[in-house]
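# Descriptive analysis of the structure
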Amino acid sequence: MTDRTDRTDRTDRTDRTAQQPLGSPFTAASTAGDVLAGLDLSGRTAVVTGGSSGLGLETVRALAAAGARVLVPARRPDVVCAEGVEVLAMDLTDPASVRAAAARIRAGADRLDLLIAAAGVMATPERHVGPGWESQFAANHLGHFLLTCELYPLLAAAGGEGGARVVAYSSAGHALTGIRRHDPHFRTGYDRWLAYGQSKTANALFAVHLDTLGRADGVRAFSLHPGKIITGLQRELSRREQVELGWVDEHGTVIGAGFKTPAQGAATGLWAATSPLLAGRGGCYLEDCDIAPLVAPGTPMDAGGVRPHAVDPTEATHLWSLSLAATGATPPGRTP
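Labelled according to an unreviewed UniProt entry, the protein appears under the name Probable oxidoreductase, originating from Streptomyces sp. Y1.

Listed below in structure tokens is the structure:
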């Protein structure tokens, strides 16, 4: 066998060990309220991106109701509709804005227990933003990568007192493609769905390598598929396109099989952030409030599970290097 095959075999064995469902008491039908029922998060501090709408807003409301201090960096801070949270301006596609928001958070907090990266865009027209980044890769991955690096000292401070968790929203869309090493910013041949799929693979690989770097500091990371939910994420798709995809009828009513409510969609992220079943674990891809099984490449996207390319440590290391070079971020954690 070649060295490449040997590495792949070792990776598959490692991933299969990590990607085994735990038998969670929650299911695809569980809601944010179900997951946090009876939990007291007083004294915990959480940062949630995407907190102005959809799953992020459901997450913010649930965390605040459970007693957590919740900070919401948002591109449109004036539209965050949740009581008892702290809102600040941040544009994930602008590195200077991300650094400024992180500086404000560091100035007002001495620890960070939870960082939930729920903001995202999907199937956008071709755009290049910031330093020339492809816009979906920027908003979904690079902005969150930079924010996490900037806030890492606060995560490590909480990790030393019982553990901090970073939760990255990925998607079944990761099945569409791995990281395009030859052209991650789609300088040629833009495809909005492949660009989305690459960014969702990046979310999963980000969690894999962050967990490797952070575990010595008590910082664990997870990625997840929240399920199929109609939220503002679909804003770039016309009603006709959504009808043709079988998601909604001509009146915009959800008709697609297996769709969740926003409260159900937020459940897996909150489970990732709080479940004691995940203590001592990390780097895993989750769905339906449990660890997702590893499935073969080519498995239909809606069949569930995570594809090997999205939890491959070698791919995660490569993405990490690419992201450091793109953002100029300071690497967090200790090199194992």
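Their axes nearest at 9 Å, the elements helix α4 (residues 95–108) and helix α5 (residues 135–159) cross at an angle of 25°. Between α4 and α5, the crossing angle belongs to the class labelled roughly parallel. α4 and α5 meet at a crossing whose hand is right-handed. Note on element contacts: α5 touches α4 through G143, L146, L147, E150, L151 and L154, opposite P95, V98, R99, A102, I105 and R106. Looking at the contact of α4 with α5 residue by residue, the class counts come to eight nonpolar, one polar and three charged.

With respect to the helices and strands, L270 occurs in helix α9 (residues 267–274). Assessed through its relative accessible area of 0%, L270 is described here as buried. Excluding residues within four positions of it along the chain, L270 makes contact with A32, V35, L36, T59, A62 and L63.

Under the defined criterion, the tally for this structure stands at nine salt bridges. For R215, the salt bridge identified is with D211, shortest N-O distance 2.9 Å. Residue R215 is classed as partly exposed on the basis of its relative accessible area, which comes to 45%. Among the residues examined, D211 registers a relative accessible area of 0% and is labelled buried. In this structure, a network of salt bridges that share partners links the residues R99, R106 and E150.

Parameters at a glance
- Residues numbered from 1 in each chain as written.
- Predicted model: local features only at pLDDT ≥ 70, side-chain atom pairs only at ≥ 80, totals over all residues.
- Heavy atoms only, no water.
- Axes fitted to C-alpha atoms, helices over the stretch in contact; angles between N-to-C directions.
- Helix = DSSP H or I, 4+ residues; strand = E, 2+ residues; numbered from the N terminus.
- Parallel < 35°, antiparallel > 145°, perpendicular 65-115°, else oblique.
- Left-handed = near helix turned anticlockwise from the far one by under 90°.
- Contact = heavy atoms within 4.5 Å.
- Nonpolar A, V, L, I, M, F, W, Y, C, P; charged D, E, K, R; others polar.
- Buried < 20%, exposed > 50% of the residue type's maximum accessible area, 1.4 Å probe, protein only.
- Salt bridge = Lys/Arg side-chain N within 4 Å of Asp/Glu carboxyl O.

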